[in-house]
Amino acid sequence: MKQIHQQDSALSNLEFLDRHAQPGRIGLAGGTAFIDRSIRKMQRSLQPDIGASLWSHAFICSGRRIDGQHWLLESDLEFHRKQIRLGVQENRASKYADAHEYPNLAILDFSLNAEQTRLVLTEGLDLLAGLARYSLREIVGTLFALQRPALRARENLLAREGSLYCSALVQHCYARAGVEFAPGISVKNTTPQDIAATPVAHDAYVLVRENAI
């Protein structure tokens, strides 16, 4: 059973994450940048009202560190001056502090036990150490499958070895704990909306400021 706990929109993103980003939990973000809006729109076929999804990105919370900061595991595109990071990475949760860039946030708690949490985080760290890449090619393959739902159960048509985009990473790691968000959907065709709409019992802490694009 899914329990939704709607949070006060006056809460800052950092306050929200500080309250709910416990190790092993899943985070969802809905961004306003061009690529985020594109990803949200491409999931419209998964919405009951055919509207754009609230969510463009998914990550796994890895806990508070010695620096006092919450950290997370994710597969993402990071562009900085003289530096580009494409793939699995670990970042401070403060990356999602700006409410204008990320008006929508959610933390999903599947009540994992200690061993399940260890398995999920260990798998994520193994992918981090193995330099697993982020694949725009696989995003295109998922978009193709969204337009032809019969393909969603099959392996991503543009799958690459050693590559996982954000929500595929989350599903891959959670599979180690025996959790399948969207039965019948291939790991590399899993979207942030599939995770948000999963029938698997969980508590969802949701901070939404932008319902439509």
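The structure contained in this document is the topic of the report that follows. (Residues numbered from 1 in each chain as written. Predicted model: local features only at pLDDT ≥ 70, side-chain atom pairs only at ≥ 80, totals over all residues. Heavy atoms only, no water.)

Moving on to empty space enclosed by the protein. In the structure shown here, the tally under the stated rule is one cavity of 30 Å³ or more. Roughly 50 Å³ of internal volume is contained in the largest cavity. In terms of lining, the largest cavity is formed by Ile39, Met42, Ser56, Ile139, Thr142, Tyr165, Cys166, Ser167, Thr190, Thr191 and Pro192. (1 Å grid on protein atoms, 1.4 Å probe; cavity = no way out; pocket = protein on both sides within 12 Å on 5 of 7 lines; lining within 4 Å. Points joined across faces, edges and corners; volume = space filled by probe spheres on them.)

We now examine the packing of aromatic side chains. Summed over the entire model, instances satisfying the criterion amount to five aromatic pairs. With a centroid separation of 5.6 Å and an interplanar angle of 65°, the aromatic rings of Phe110 and Tyr174 are classed as edge-to-face. Placement of Phe110 in the loop between strand 6 (104-109) and helix 3 (114-129) and of Tyr174 in helix 5 (residues 166-175) is noted, with a sequence separation of 64 residues between them. Residue classification places Phe110 among the buried positions, given a relative accessible area of 9%. For the ring pair Tyr174 and Phe181, a centre distance of 5.3 Å and an interplane angle of 40° mean the geometry is tilted. Each member of the aromatic cluster is reached from another via a ring pair, and the members are Phe59, Tyr96 and Tyr102. (Phe/Tyr/Trp six-rings, centres within 6.5 Å; stacked < 30°, edge-to-face > 60°. Helix = DSSP H or I, 4+ residues; strand = E, 2+ residues; numbered from the N terminus. Buried < 20%, exposed > 50% of the residue type's maximum accessible area, 1.4 Å probe, protein only.)

In this section: the layout of surface pockets. Of the volumes computed, that of the second largest pocket is approximately 220 Å³. Surrounding the second largest pocket, 15 residues form its lining, Lys2, Leu54, Trp55, Ala196 and Val206 being those nearest its centre. It is strand 1 (residues 2-6) that contributes the most residues to the lining of the second largest pocket, three residues altogether. A breakdown of the residues in the lining of the second largest pocket according to their chemical character gives eleven nonpolar, three polar and one charged. (Nonpolar A, V, L, I, M, F, W, Y, C, P; charged D, E, K, R; others polar.)

None of this, on its own, says anything about what the molecule does.
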